[in-house]
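What follows is the residue order along each chain.
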Amino acid sequence: MGDKGIPGPIFFLSSFIVTLHLVHGDLSYSSPEEMKRGSVIGNIAKDLGVDSRILSSRKARVVFEGTSKRYCDINLSTGDLITSERIDRENLCGKKPSCVVKMDLVLENPLELHRVSLHVQDVNDNSPKFRENLIEMEIRESAEKGSRFSMEEAHDADIGQNAVQRYNLQKNDNFILSILDNADGSKELELVLDKELDREKEHDLNVVLTAVDGGSPQRSGTAVIHVTVLDANDNAPSFSQDVYKASLPENSPLDTVVVKVSASDADEGVNGEVTYDFSRIAEKAKKVFSLDSKTGEIKVTGALDFESNAKYEMRINAKDGYGLSSQSKVVIDVTDVNDNAPVIQLKSLSHPIPENAPPGTEVGIINVQDRDSENNRQVRCSIQQNVPFKLVASIKNYYSLVTTGHLDREVVSDYNITIRATDEGSPPLSSSKTVHLSVADINDNPPEFEEQSYSAYVSENNKPGSALCSVSARDPDWRQNGTVIYSLLGGEVNGAPVSSYVSVNGDTGLIHAVRSFDYEQFRSFKVQVMARDNGSPPLSSNVSVSVFISDVNDNSPQILYPAPEGNSFMTELVPKGAHGGSLVSKVIAVDADSGQNAWLSYQIVKSTDPGLFSIGVHSGEIRTQRDISESDSMKQNLVVSVKDNGQPSLSATCSMYLLISDNLAEVPELKDISYEEKNSKLTSYLIIALVSVSTFFLTFIIIILGVRFCRRRKPRLLFDGAVAIPSAYLPPNYADVDGTGTLRSAYNYDAYLTTGSRTSDFKFVSSYNDNTLPADQTLRKSPSDFADVFGSQDGSPEVLDAVGQGGKDVAFGIIEKCPQEVDGIFTVAWIGIFVLVNIGSYYVNDL
């Protein structure tokens, strides 16, 4: 055994004494009783060699045995063991020479248990006290000198030096005080007659007896001895035993006779009548025992409790009728019975426990106490339910509640664990306690969609914002770990972001169309929807949503041949010798829709001779129904309707012009067959062309005049000497085509002229010259370059030719925008443009 801390007692002003002993990891402290609340007893952290800062995290605490009172506590910030309430040693331990309060110091994470003993030291806080303040004694006058009369000693609740140390008897002429020390430490007081009494002189007398303890400061108590002088009484009562011993179980019923004391007196009559009373008895004993003054029987009058007080000692006084008395000692032992069931205390509980806690995780600390003794306090603990927990015996009467398997909050979120404790008594007693334990959620489950994939069907031309379908995912986790948020994963549909086609409601999973879909552009597409929870870290899962677009009949048939009515007309020649069933022409049409919406049927809705031609319903082939005769009109007009099979059906019409002739020379005029055309629109195009060419021509003339004027005034403005310019110079933006002009590129002009050239079909074909320089690769000239060119060429034919040819290019560019079929007005306008350009060229040369 080694000592730590203060090696010996040190007396402070408050009489505070602290002594620390550490025995095999146990701590022992000494502290005086009656200390103020919050007084420091010792520093546990220092004595254990641990940092006081970890006491709070390790849930340091003291647990007392056998009492619900908390005499001490721990200051978690400093590690000091402090008093939490007043400690009264006399009430706690009575007359026991050693008063020890036992407690356990519990530390968690990991679990540690240290035995702490607090020795409560006695202070002189109680004065000696006689049972009665007035002691009545009767002594016969015949009593001889030296006669002894027993007296009750004073009682002091303190022990040791603080108990009664001496007695003082007031000076008188007749009595002195004799004090005898017994083996058990008690004292016997006897009043000794030092001088005979004379009743005739003094009928009675009073003497003051004082009891003084040895404490500091010293305390005392007094009693007055009142002596009545009587006639002679020869014999004092005599007990049959000096010490009476008895034993009884703590569950003894009331009025049980514990022991019977007996004293005899040799005198007769009143002098031989003996009465009994307690000469010295503790307050606790008074509450549970009574003494019959005549029979000497000691009975049980209160509840006995072995755990509170296992032994009682008292003194019995036997007195005869005239005051002679004697004393005897009674010792009563209370035996233990199994009358206390185990008490289960939950000292610590990790609540809630995370569901990812590994097996073997300590979730709680259980303490089981049984106030009985020996086998009656031996306890077995168990968990009755089939739960993933078990009790592991830890230290002394402590048990750890640990997990035995993996927890899953989604399967079981709460546990009610019933702990049962049974002692080894006979019969055994048991108790149980239910511990409620919740499992804390961990984000260990990603959202799970209800279906492996989703399909949405929508008709084309849907309204933007219309709902397509709804996806739903479930997350079995709790609260934010189970809150699902939906979003679209990035991707493209036909080269555009998927978000430009659909959107998803983040809370409900409802998918909306962002735009109107067109079946003819695409018939289906896929998007990826992600469901993500709000856990940390978040978990997610994806699902594929296929959007199928169904066709609606929103496209009319498109006639490829012949051109639709109102844009142009087509003329087919039908030989005069055509027989019935001969193929004359064919109407070709397509429908952008699909399915039955694209099934086309053909019908002649109007014809010059209804019985002459027929059309295939599904093929569109136009055939003669009979042989051509001389009486048939040479000019045949057919109006063909093409209709799809949609609901409702859509249609388109075209006109077909047939000439019953073997060659064009037989046709007197073609203009009579022409449909009513929008000549006003064509005329507008021609007027715009004439105005544009005229404006361009006048602007160019003004520029040429200005250049010539400036050159005459300042001939050497740009050059110091003559520069040779090739005669075949071309502006950089033009390319010569076979030396015939300066158009930007070569074109083919195919003219189909009928008899009289009154109606023409003029076609423009795009450039086929590979040597034409593209616009973005043309040679760029600075303003000085063009100044050199125009300054050195005086009315060069090449330049003027370029101007004229440029005008023609503008004219042809505008003509390209006109319909392919034009009448004689176009021919006149075209010739006029060329004449105007040529006149302008000559005029410039003349300048």
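Model, not experiment: these values are computed from the prediction.

Calculation notes
- Residues numbered from 1 in each chain as written.
- Predicted model: local features only at pLDDT ≥ 70, side-chain atom pairs only at ≥ 80, totals over all residues.
- Heavy atoms only, no water.
- Helix = DSSP H or I, 4+ residues; strand = E, 2+ residues; numbered from the N terminus.
- Buried < 20%, exposed > 50% of the residue type's maximum accessible area, 1.4 Å probe, protein only.
- Contact = heavy atoms within 4.5 Å.
- Core = buried A, V, L, I, M, F, W, Y, C linked by side-chain atoms within 4.5 Å.
- Pairing = 2+ DSSP bridges.
- Disulfide = S-S within 2.5 Å.
- Salt bridge = Lys/Arg side-chain N within 4 Å of Asp/Glu carboxyl O.
- Phe/Tyr/Trp six-rings, centres within 6.5 Å; stacked < 30°, edge-to-face > 60°.
- Patch = residues over 30% accessible without salt bridge, like charges linked within 9 Å, V, L, I, M, F, W, Y side chains within 5 Å.
- Areas by Shrake-Rupley, 256 points an atom, 1.4 Å probe, with all protein chains shown as cover.
- Axes fitted to C-alpha atoms, helices over the stretch in contact; angles between N-to-C directions.
- pLDDT = per-residue confidence, 0-100.
- Polar contact = N/O pair within 3.5 Å; in protein donor to acceptor, adjacent residues only side chain to side chain.

> Hey, could you run me through the overall build of the chain in this one?
Along the backbone of the chain there are seven helices and 56 strands. Looking at the chain as a whole, 40% of its 847 residues qualify as buried. Sequence separation of at least 24 residues holds for 66% of the intrachain contacts in the chain that already meet a minimum separation of 6.

> Hey, could you run me through the nonpolar core in this one?
Within soluble globular proteins, side chains that are nonpolar generally end up buried alongside one another. If you look at the biggest cluster of nonpolar residues, it comprises 29 residues, and the most contacted ones within it are L468, Y486, V502, I511, F517, F525 and V545. Put simply, the parts of the chain that give this core at least two residues each are β35 (453-459), β36 (467-470), β38 (484-488), β41 (502-504), β42 (510-513), β43 (524-533) and β44 (540-550). For F525, the contacting residues outside a window of four places in its chain are V493, Y501, V502, F517, V545, S546, V547 and I549. Counting 26 residues, the second-largest nonpolar core is a separate cluster that includes F289, I298, A318 and V330.

> Looking at this structure, I do not really get the pairing of strand β15 (residues 204-213). What am I missing?
On any regular strand, side chains alternate: one points to one face of the sheet, the next to the other face. For β15, the buried fraction is high: seven of the 10 residues fall into the buried class. Across five bridges, the pairing between strand β12 (residues 164-169) and β15 is antiparallel. Bridge assignment links N168 to a residue of β15, and that residue is T210. Here nine bridges tie β15 to strand β16 (residues 220-230), and the two strands are oriented antiparallel to one another. Within β16, the position partnered with N206 by the bridge is H226. Following β15, the chain reverses through six residues before pairing antiparallel with β16.

> Looking at this structure, I do not really get the environment of E132. What am I missing?
Locating E132 in the fold gives a position in the loop between β9 (112-121) and β10 (134-140). Sequence-wise, E132 and A154 are 22 residues apart; in three dimensions their C-alpha atoms are separated by 9.2 Å.

> In this structure, what is going on with unusual backbone geometry? I would like to understand it.
As a rule of thumb, non-glycine residues mostly have phi less than zero, and peptide bonds are mostly trans rather than cis. Omega for the peptide link from H351 to P352 comes to 0°, which places this bond in the cis form. When you line up the elements, P352 lands in the loop between β26 (343-349) and β27 (353-354). A cis amide bond, omega -5°, links S536 with the succeeding residue P537. Along the polypeptide, P537 turns up in the loop between β43 and β44. The backbone of D255 shows a phi angle near 70°, a positive value even though the residue is not glycine.

> I tried to follow the state of the cysteines on my own but got confused; where do I start?
Note on terminology: a disulfide is the covalent bond linking the sulfur atoms of two cysteines. A complete count under the given rule lists one disulfide for this structure. Each sulfur of the disulfide joining C93 and C99 lies 1.9 Å from the other. In this structure the cystine formed by C93 and C99 twists about its S-S bond by roughly 65°; its chirality is therefore right-handed. The two residues C93 and C99 agree in class, both being buried.

> I'm lost on the pattern of salt bridges in this one. Help?
Where charged atoms from two side chains of opposite charge approach closely, those side chains can pair. Taken as a whole and judged by the stated rule, the model has 23 salt bridges. A salt bridge links D104 to R115; its shortest N-O distance comes to 3.1 Å. Residue D104 is located in strand β8 (residues 100-107), and its partner R115 is located in strand β9; the two are separated by 11 residues in the primary sequence. Take D104 and R115: they sit in the same class, and that class is buried. Residues E190 and R148 are paired through a salt bridge, measuring 2.9 Å at the closest nitrogen-oxygen approach. On the criterion of sequence distance, the pair formed by E190 in strand β14 (residues 187-193) and R148 in strand β11 (residues 148-151) is long-range, its members being 42 residues apart.

> Can you help me understand the packing of aromatic side chains in this one?
Remark: the centre distance and the inter-plane angle together describe each pair of aromatic rings, the angle taken between the planes. Following the criterion strictly, the structure yields 15 aromatic pairs and no others. Taken together, a centroid distance of 6.5 Å and an interplanar angle of 75° make the contact between F239 and Y244 edge-to-face. Overall, F239 belongs to the buried group, its relative accessible area being 11%. Assessed through its relative accessible area of 3%, Y244 is described here as buried. When the centroid spacing of 6.5 Å and the interplanar angle of 50° are considered together, the rings of F449 and Y486 count as tilted. With F449 in strand β34 (residues 448-449) and Y486 in strand β38, this residue pair connects regions lying 37 residues apart in the sequence. The residues F449 and Y486 share a single accessibility class, namely buried.

> Which parts of the structure should I look at to understand a nonpolar patch on the surface?
Together, L560, I588 and V590 make up a nonpolar patch on the protein surface, roughly 260 Å² of accessible area in all. Relative to the helices and strands, L560 is located in strand β45 (residues 558-561).

> Would you mind showing me how to read the sheet that holds β14 here?
Each strand in a sheet pairs with its neighbour through backbone hydrogen bonds, running either in the same direction (parallel) or in the opposite one (antiparallel). One open sheet accounts for three strands, arranged β11-β14-β13; its pairing is antiparallel. The sheet is open, and its two borders are formed by β11 and β13 (175-181), each paired with just one other strand. Shown here is a sheet whose adjacent strand axes are inclined to one another by a mean of 30°, direction ignored. Of the strand pairs in this sheet, β11 and β14 are connected by four bridges, and their pairing is antiparallel. Note on β14: the bridge partner recorded for F149 is L191.

> Please clarify how the sheet that holds β15 should be interpreted in this entry.
Read from one edge to the other, the open sheet built from four strands follows the order β10-β16-β15-β12, with strand pairing classed as mixed. Each edge of the open sheet carries a strand with a single partner, namely β10 and β12. Averaged over all neighbouring strand pairs, the angle between strand axes comes to 25°, with direction disregarded.

> Got a minute to help me understand the confidence of the model for the chain in this structure?
Predicted coordinates in regions of low pLDDT should not be interpreted in detail. The pLDDT averaged across the chain works out to 78; a share of 77% of its residues lies at or above 70. The low-confidence segment residues 839-847 (pLDDT under 50) makes 14 contacts with residues lying over four places distant or belonging to another chain.

> Would you explain the environment of R61 in this entry?
In this fold, R61 is placed in strand β5 (residues 61-64). The buried category is assigned to R61, whose relative accessible area is 15%. The sequence separation of R61 and L105 amounts to 44 residues, and the corresponding C-alpha distance is 5.8 Å. Once residues lying within four places of it in the same chain are set aside, the contact partners of R61 are I74, D104, L105, V106, E108, K347, S348 and I365. Within the local environment of R61, its side chain forms a polar contact with the backbone oxygen of K347, the two atoms lying 3.1 Å apart.

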